[in-house]
Each structure stands twice: as structure tokens, then as C-alpha cells.
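Working through the structure, step by step
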Amino acid sequence: MIDQFINFVIRPPRAEYNPDQYLWEKNFTLAGRKFTRQDLELRNSRGHTLRCSHYLPSPFPADTSLPCVVYCHGNSGCRADANEAAVILLPSNITVFTLDFSGSGLSDGNYVSLGWHERDDLKVVVSYLRKNEQISRIGLWGRSMGAVTSLLYGAEDPSIAGMVLDSAFSNLFNLMMELVDVYKIRLPKFTVKVALQYMRRVIQKKAKFDIMDINALKVAPKTFIPALFGHAKGDKFIQPHHSDLISVSYAGDKNMIKFDGDHNSTRPQVFYDLVSVFFHNVLHPPQVSPECSSRYEKYYDLGDLQVDAGIEENSVLNVARMGSLRKPSPLQDNPSGQIEECCSYTSSNRESWGRCSSLGSVGEPFPDCNVSNDNEVTLKVLATPLRTSKHAPAAADVKKDKKKVSTASKKSGRDKFEKLEALSQRLRLCILKRVKHRRNHSS
């Protein structure tokens, strides 16, 4: 049992995948614009080769630098987990860089370290991007192990513009103690602590790091980078109180968003919208072309709407206020003048890997994908990947005067869904209209 628990920490199930099958294609179209995937290899300080991918507009705008978000996956994940991040950020002129950490995916290395050595991998990536004159500001988006990696690195590099931290754990040793109770391992606590000390020595010998050093609560008070914390309310693997503890001790501007789901579940649309607003505020990407903005604005202008569906209005407004939006220079969006509303690619198996941890529920496949008979998958995209779409009722259905037989619970659920959808659309309208906010700088 102890050996299994050790492997759970340093050698969880490894994602083995074909990049051409599970990543975006080398050249693809998204929201009416063309993008390219550049695959590259970097070498970390331990001599391991890191397999990376950088999603960029094609062609890259001349005499213009664009911001970049580095996506950091979980302990059983890989760079395919950044597929959704690409859908959300690329149409907003934010490039996306993703990598397989050492010991994960197709990169070299035999063990993961839940943030310790991954921090050095992230340093190599940021250093590479800093040397690229086409990249301006850099943001980090981490989930689970990737969120802790971002925190550990962010404490050392205050030049990072902003971080999205999804399901971070506060202290690895405490998390391991909690998992003993969660998975009902019936042993006295004294015996568990002795076993963990034995595991600590074995892990130090094999993976060359100390589990006691991975403590986000030590670096949070020294980190001043604007941060958006996210956590699923039903997460039994890394419970929500971990993010609460980090957020309380965090020194920089911060906001907390909690949503329905578990550790590995697909995040709700409103969370992606808040992430999009957050990165717009801290990265200041150049504005998309007026043609594209005016084309999509009609979908989002719904007037004054109220916030509900389990997310506090103050949290939404605070995210919108973080950072300051300047008036950027417009970029030519689509030279041909044609605006597309969908992204097509030819592999039906391309989806987010959807597993940020080796434990917990299995991730859901990427939604809103329609598979046609010719094996082509079409993903409808506006500013962010829409989870749901509302269709106008048919004329025949409108003329029919049917009796509405619905219970009170169904009506309440429908109202909750409509308000949540309205919130998502309002947030996207906030992005397109470029509302200016000022962020109160931390002392």
C-alpha cells in the first residue's frame, strides 16, 4: 500500500498521446481567424527535454507584440489540457503556450514532483518567451499541480502579469493526510504519520525533492501578482478550503470563484468568461478588428441582468475591475473580410485530455462538438466556447397553445440556467466594449 501511495505522488498514470490527434492542428481556423501550432523542444536544468507547443495567429501581425498565457497541466495531464484555453484566449489576441512538464506526457523524466521541479520547467519556458520580441506580457494559468507550480514560480518572478489558479493545494503533507481520511484508509493517525515520514525519505531518494517543501502558504504572503482563484465546490480530492487558505494569506490582488463540479470535471462557461475578462485586464491584448467585434456584439447586448446561479455578483464585479484596460491598437483580423463562426478540424479524437489528477471523476469530453458523416468535427466558437445555445422556437410550435405542465423545481432550475447564461453573455459584452477599469495596486 505504501508503494502505491508513493507512486500516486511521484508516478501517477502518464498521459500517452499522439500530438497530431489530441492537439489542435498545425494550421486551423478559429472565430474567423487563422492560427498555427508551433511545436518545439526546450531543455531544463536537469537535462530533460520538454515537449512544448505555442499557438499563434497566422500570419503573425507585423510590428506588433502579443501577450502570452502559459498553461500548466495537472499531475496526470499533458499539453492537450490547454485545448480549451486556446479556444478561449486566441480569438482575443492572446497567444497560448503549453508544455508537458518533466515526467509528464511526452517529455523526458521519470517522476513528477507536484510543483517543485515543475517550477524550474516553467522558468525555462518564461525565459524562452522573454527572448521572443513578438511576446509582450506573460500570464500563467494552472490547474491542480499546475496551479501550485504557478504559485511557486510567481513568488520568484513578480514580472508575471497575472495568474489563474484552479484547484491549488495549500500544503502537500496536509493534503496527503486528508486523502487518508477521504479514501477511508483505516489506520491510526500516528501510524499514518510514521508511514508518511518513510514515504518522505523514499521520495527524496527517487525524485530528489522533499514533500515538506511544497507549501503554497509559505510563498503566498510574498506574492503580489494579480490572481484569480477557482475551485469546484464538490472537489473531494483537493477540497475547496485549500484555495481559501491560500487566498487569505495571498498578498496581491485576488478574487475567488467557486462553482459546481469536482476536481476533474469540465469547468462551467461562467468561469471561462471570468478568466477571459481577467486576462484582458492584466495582459492588455491589442483589440480585434472592428468588423469582428461588431459582428459578435449583437449576441451579447442583453441589457441589465442580475447575477445568480451560485456565483456572487461582487465576485464577478471584482474580477472585472482587476487590472486596467488601455485603448489598444487594432489588428487586422480577416483580410478577406469573411467572418466565420466555427472552427473545423479533421480528427474526431481531438479533445482536452481532461484529467488533471489520477484520482477523482473522469473528465468530460469537450462539449459543443458535432461529428458529421465525413469524420469532420465542428466546434462553434464566439468569444469563448459556448456550452449551450438557445434556438428560436419553430413557427408551428409558437402557434400551438399547449398547456405547461412543469413542477416548481424545473422552473427554478430553468431560471437559474437562464441567469447563468445571461451572466456569461454580459461578461463577453464587457470584453468587446473595452470598459476601462482601474486596479488598486497592492502595497
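Calculation criteria
- Residues numbered from 1 in each chain as written.
- Predicted model: local features only at pLDDT ≥ 70, side-chain atom pairs only at ≥ 80, totals over all residues.
- Heavy atoms only, no water.
- Helix = DSSP H or I, 4+ residues; strand = E, 2+ residues; numbered from the N terminus.
- Contact = heavy atoms within 4.5 Å.
- Buried < 20%, exposed > 50% of the residue type's maximum accessible area, 1.4 Å probe, protein only.
- Pairing = 2+ DSSP bridges.
- Salt bridge = Lys/Arg side-chain N within 4 Å of Asp/Glu carboxyl O.
- Arc of directions from axis to C-beta.
- Axes fitted to C-alpha atoms, helices over the stretch in contact; angles between N-to-C directions.
- Phe/Tyr/Trp six-rings, centres within 6.5 Å; stacked < 30°, edge-to-face > 60°.
- Lys NZ or Arg CZ within 6 Å of the ring centre and 35° of its normal.
- pLDDT = per-residue confidence, 0-100.

The next point concerns the overall build of the chain. In terms of regular secondary structure, the chain is built from 14 helices and twelve strands. Within the chain, counting contacts between residues at least 6 apart in sequence, those at least 24 apart form 79% of the total.

The next subject is the pairing of strand E3 (residues 49-57). Counting buried residues in E3 gives eight out of nine residues, a clear majority hidden from the surface. The pairing of strand E2 (residues 33-43) with E3 spans nine bridges and is classified as antiparallel. Within E3, the residue paired with Gln-38 across the bridge is His-54. In textbook terms, the turn of a hairpin is the stretch between consecutive antiparallel strands, and for E2 and E3 this stretch comprises five residues, one of which, Gly-47, has a positive phi near 85°. With four bridges connecting them, E3 and strand E5 (residues 95-99) associate as antiparallel partners. Residue pairing for E5: Cys-52 is matched across the bridge by Leu-99.

What follows concerns the pairing of strand E1 (residues 27-30). Side chains Phe-28 and Leu-30 project from E1 onto a buried face, and the interleaved Asn-27 and Thr-29 project onto a face without burial. Across four bridges, E1 lies against E2 in antiparallel orientation. Across the sheet, the residue bridging to Asn-27 is Thr-36, located in E2. Once E1 ends, the chain turns through two residues before running back antiparallel as E2, passing Ala-31 with a positive phi of about 55°.

Let's shift gears to the pattern of salt bridges. With the rule as written, the count across this model stands at twelve salt bridges. A salt bridge links Asp-166 to Arg-267; the nearest nitrogen and oxygen atoms lie 2.9 Å apart. Note that Asp-166 is positioned in strand E7 (residues 162-166) and Arg-267 in the loop between strand E9 (254-259) and helix H10 (269-283), a separation of 101 residues in sequence. Neither residue differs from the other here; Asp-166 and Arg-267 are each classed as buried. One salt-bridge network, in which partners are shared between bridges, spans Asp-20, Lys-26, Arg-37, Asp-39, Arg-79 and Asp-100.

The next thing to look at is helix H9 (residues 241-249). For H9, the complete set of buried residues consists of His-242, Ser-243, Ile-246 and Ser-247. Down the axis of H9, the sector holding all buried residues measures 130°, keeping them to one side. Tucked inside the fold, the buried residues of H9 contact helix H5 (145-154), helix H6 (172-182), helix H8 (216-219), strand E8 (227-232) and E9.

What follows deals with the sheet that holds E1. Within a beta sheet, neighbouring strands are joined by backbone hydrogen bonds and run either parallel or antiparallel to one another. Pairing within the open sheet is mixed, and its nine strands lie in the order E1-E2-E3-E5-E4-E6-E7-E8-E9. The open sheet has two edge strands with one neighbour each: E1 and E9. Across the sheet, the mean angle separating the axes of adjacent strands is 20° when strand polarity is ignored. As judged from the six bridges shared by E8 and E9, these two strands associate in the parallel manner. Counted as the bridge partner of Phe-229 is Met-256 from E9. Lying over the sheet, H5 contacts strand E4 (66-72), strand E6 (135-143) and E7, oriented at roughly 135° with respect to E6.

A separate point is unusual backbone geometry. Residues Ser-58 and Pro-59 are joined by a peptide bond in cis, for which omega reads 0°. Even without glycine at this site, Asn-93 takes up a positive phi of about 65°. The residue Asn-93 is located in the loop between helix H3 (83-89) and E5 in this model. For Asn-93, a relative accessible area of 1% corresponds to the buried category. Here Lys-208, not a glycine, exhibits a phi torsion of approximately 65°, which is positive.

Before going further, it helps to spend a moment on the packing of aromatic side chains. Evaluation of the coordinates by the stated rule reveals 13 aromatic pairs. On the numbers, 5.9 Å between centres and 25° between planes, the contact of Phe-28 with Phe-35 is stacked. Pair check on accessibility: Phe-28 and Phe-35 agree, each one buried. Relative to Tyr-250, the ring of Phe-229 lies with its centre 5.6 Å away and its plane at 85°, an arrangement referred to as edge-to-face. On the criterion of sequence distance, the pair formed by Phe-229 in strand E8 and Tyr-250 in the loop between H9 and E9 is long-range, its members being 21 residues apart. Aromatic rings pair up to connect Tyr-71, Trp-141, Phe-259, Phe-271, Tyr-272, Phe-278 and Phe-279 into one cluster. The ring centre of Trp-116 lies 4.3 Å from the NZ or CZ of Arg-119, which sits over that ring.

When the pLDDT values of the chain are averaged, the result is 77; 65% of them are 70 or greater. In this model residues 291-309 is a low-confidence stretch, pLDDT under 50, and it forms 40 contacts with partners more than four residues away in sequence or in other chains.

What follows is about the environment of Ala-161. One can find Ala-161 in the loop between H5 and E7. On the accessibility criterion, Ala-161 (14% relative accessible area) is buried. Not counting residues up to four positions away in its chain, the partners in contact with Ala-161 are Arg-137, Ile-138, Ile-225, Pro-226, Val-282 and Leu-283.

The subject of this paragraph is helix H1 (residues 2-10). All of the buried residues in H1 are Phe-5, Ile-6, Phe-8, Val-9 and Ile-10. Tucked into the core, H1 has its buried residues touching H6 and helix H7 (189-207).

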